[in-house]
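Here are the chains, one letter per residue:
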Amino acid sequence: MENKTKLVLMSCCAPCSCGAIKQLADGKIADVDDFIVLFYNPNIYPDTEYQKRLAEQIKYCESLGVKYAVGDYDHNAWLSAVRGLEAEPERGLRCSKCFAHRFAFAREFALKNGYNAIASVFGVSRFKSQSQVDAAGEVACGEIPYIPVKWDENLRVQINRESNFYRQNYCGCEFSLRK
Ligand code: SF4
């Protein structure tokens, strides 16, 4: 009986995801037989910033010959999902809602496209809480197992050092824009 792990890797940008994608492409994550990078980030503001991050993500995936998919960019729907939480600090309740919103999309994507596991790089930034991301993933991915992979941070740093990725200086939404 076939029991292969087909993973959806949720990615927010190339600088955060490069190490994870390389590990997966090199077969370094045990038991993952197939994977796709899913870029679903309607949280990013403004549209010009979204396009920059998306272009960089696509460029990196194509450089490794890795499959990727792009979700729709409905920032208004995302704003509705976090309504009332605009003033929350980073790592607060707005971020939990934001992660849940994106993981819920990953669940739908996995069900529609024959994938049976979900992981993400949402927690790799030093501004993020990995345990908060994992808690959101455990709930929002529903019947699709969420895998809290600990990615190789040294590899990510090394690839970033050797690349000329476009690098943003804020998480993504208008509420995370730093002065
Ligand atoms: S700070 Fe980042 S994770 Fe938090 S709500 Fe904004 S875009 Fe989402």
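Residues numbered from 1 in each chain as written. Predicted model: local features only at pLDDT ≥ 70, side-chain atom pairs only at ≥ 80, totals over all residues. Heavy atoms only, no water.

Asks: Explanation requested: the side chain of Ser120 in the structure shown.
Replies: Within the secondary structure, Ser120 is located in strand E4 (residues 117-120). What makes Ser120 buried here is its relative accessible area of 4%. Of the polar contacts made by the side chain of Ser120, one reaches the backbone nitrogen of Phe122; its length is 3.1 Å. Not counting chain neighbours up to four residues away, the residues in contact with Ser120 comprise Leu9, Met10, Phe103, Val133, Tyr146 and Trp151. (Helix = DSSP H or I, 4+ residues; strand = E, 2+ residues; numbered from the N terminus. Buried < 20%, exposed > 50% of the residue type's maximum accessible area, 1.4 Å probe, protein only. Polar contact = N/O pair within 3.5 Å; in protein donor to acceptor, adjacent residues only side chain to side chain. Contact = heavy atoms within 4.5 Å.)

Asks: Would you mind going over the packing of aromatic side chains with me for this structure?
Replies: Aromatic rings considered in pairs are described by the distance between their centres and by the relative angle of their planes. Here the structure, examined in full by the defined rule, presents 9 aromatic pairs. Relative to Tyr73, the ring of Tyr50 has its centre 4.0 Å away and its plane inclined at 20°; by these criteria the two rings are stacked. One end of the pair, Tyr50, is in helix H2 (residues 47-64); the other, Tyr73, is in the loop between strand E3 (68-70) and helix H3 (75-81), with 23 residues separating them in the sequence. Its relative accessible area of 25% is what places Tyr73 among the partly exposed residues. Residues Phe99 and Phe122 carry aromatic rings whose centres are separated by 5.9 Å and whose planes lie at 20° to one another, so their mutual orientation is stacked. Taken as a pair, Phe99 in helix H4 (residues 93-113) and Phe122 in the loop between E4 and helix H5 (130-140) lie far apart in primary sequence, 23 residues in all. Take Phe99: its relative accessible area is 1%, and that puts it in the buried class. The class of Phe122 is buried, set by a relative accessible area of 3%. Ring-pair connections join several aromatic residues into one group, and the members of that group are Phe99, Phe103, Phe122 and Tyr146. (Phe/Tyr/Trp six-rings, centres within 6.5 Å; stacked < 30°, edge-to-face > 60°.)

Asks: What exactly am I supposed to notice about the packing of helix H1 (residues 14-25) against helix H6 (residues 153-162) here?
Replies: Any two packed helices are characterised by the angle at which their axes cross and by the distance between the axes. Put simply, H1 and H6 touch, their axes get as near as 8 Å, and they point 115° apart. The element H1 and its partner H6 pack so that their crossing is right-handed. Along its contact with H1, which presents Pro15, Cys16, Cys18, Gly19, Lys22 and Gln23, the element H6 presents Leu155, Arg156, Ile159 and Asn160. A breakdown of the residues in the contact of H1 with H6 according to their chemical character gives 5 nonpolar, 3 polar and 2 charged. (Axes fitted to C-alpha atoms, helices over the stretch in contact; angles between N-to-C directions. Left-handed = near helix turned anticlockwise from the far one by under 90°. Nonpolar A, V, L, I, M, F, W, Y, C, P; charged D, E, K, R; others polar.)

Asks: Which parts of the structure should I look at to understand the site of the ligand?
Replies: Taken together, Asn43, Trp78, Glu90, Arg94, Cys95, Cys98, Phe99, Arg102, Lys128, Cys171, Cys173 and Ser176 make up the full set of residues near the ligand. Judged by the proximity of its atoms to the pocket grid, the ligand belongs to the largest cavity. The biggest single contributor to the shell around the ligand is H4, with 5 residues. Classifying every residue of the shell around the ligand gives 6 nonpolar, 2 polar and 4 charged. (Near = heavy atom within 4 Å. 1 Å grid on protein atoms, 1.4 Å probe; cavity = no way out; pocket = protein on both sides within 12 Å on 5 of 7 lines; lining within 4 Å. Sits in = over half its atoms within 2 Å of the grid points.)

Asks: Got a minute to help me understand the pairing of E4 in this structure?
Replies: Along a regular strand, successive side chains alternate from one face of the sheet to the other. Side chains of E4 alternate between two faces, with Ala117 and Ala119 and Ile118 and Ser120 buried alike. As paired elements, strand E1 (residues 5-11) and E4 share 4 bridges and run parallel to each other. Looking at E4, one finds that Met10 is bridged to Ser120. (Pairing = 2+ DSSP bridges.)

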